[in-house]
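Residues per chain, in single letters:
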Amino acid sequence: MGSFLSSLLGAGATNEAAPSASEGSGILSFHSSARWQLHFNSAKDSSQLTVIDFAAAWCGPCKFMEPAVHGMASKFSDVVFAKIDVDELPDVAQEFQVQAMPTFVLVKNGKEVDRVVGAKKDELEKKIEKHRAFQASS
C-alpha cells in the first residue's frame, strides 16, 4: 500500500527521492522536474562532465542510439549520463532549447559546453572524449 501511495504522491515519497538508474547502466533517468533541478543544482559546482540525453519513447533515432549511449556510459565511468524524456519533462527540454530528438547536451559546471543533435554516435563519442579530457584543468 505504501508504494501505491508513494507513486500517487510523487515528489514527497521517500522511495522516489533518487533518480532511477536505467537497468544498472549508470544512466540516470529523471521523471520529475523537481528531482532533475535538485540533481542539476548539485552538479553546478562540479567540473565533471554530464551528458543529458533528451529523447522520447516514440522516437526511432533515440531507440537506435540507446545501445551506443549505454556503451558510452560503461566506457566513460567518469562521466555522468542523464536521460530526460521530453514528453514527461517538457519544461526541462524547453529550458535547454531542445527542438529535435535525440539531443545530447554536454554540461560542465552548470553550463553547456557542447551539444549533438541527431543520432550521431561517432560525433557524440568524440565530443565526450574532448570534454572529459579537460576535467583536470577545468
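In what follows, the structure referred to is the one given above.
Residues numbered from 1 in each chain as written. Predicted model: local features only at pLDDT ≥ 70, side-chain atom pairs only at ≥ 80, totals over all residues. Heavy atoms only, no water.

Asker: Which residues make up the packing of aromatic side chains, and what values go with them?
Answerer: If you walk through the whole model with that rule in mind, you get five aromatic pairs. Summarising the aromatic geometry, the rings of phenylalanine 30 and tryptophan 36 are spaced 5.2 Å apart at their centres and angled 80° between planes, so their arrangement reads as edge-to-face. The same class applies to phenylalanine 30 as to tryptophan 36, namely buried. With 6.3 Å between their ring centres and 65° between their planes, tryptophan 36 and phenylalanine 96 make a pair best called edge-to-face. Remark: phenylalanine 96 occurs in the loop between α4 (90-95) and β5 (103-108) and tryptophan 36 occurs in helix α2 (residues 33-43); sequence separation between them is 60 residues. Like phenylalanine 96, tryptophan 36 is buried. An aromatic cluster is present here, built from Phe30, Trp36, Phe40, Phe54 and Phe96 joined pairwise through their rings. (Phe/Tyr/Trp six-rings, centres within 6.5 Å; stacked < 30°, edge-to-face > 60°. Buried < 20%, exposed > 50% of the residue type's maximum accessible area, 1.4 Å probe, protein only. Helix = DSSP H or I, 4+ residues; strand = E, 2+ residues; numbered from the N terminus.)

Asker: Requested: an account of the pattern of salt bridges, with residues and values cited.
Answerer: Taken as a whole and assessed by the stated rule, the structure comprises eight salt bridges. A salt bridge links lysine 75 to glutamate 129; the shortest N-O distance between them is 3.6 Å. Highlighted residues: lysine 75 in helix α3 (residues 60-75) and glutamate 129 in helix α5 (residues 121-133), separated in sequence by 54 residues. Accessibility expressed as a relative area gives 49% for lysine 75, which makes it partly exposed. Notably, a salt bridge pairs glutamate 123 with lysine 127, separated by 3.2 Å at the nearest N-O pair. Within this pair, glutamate 123 and its partner lysine 127 are both found in helix α5, separated by four residues, close to a single helical turn. (Salt bridge = Lys/Arg side-chain N within 4 Å of Asp/Glu carboxyl O.)

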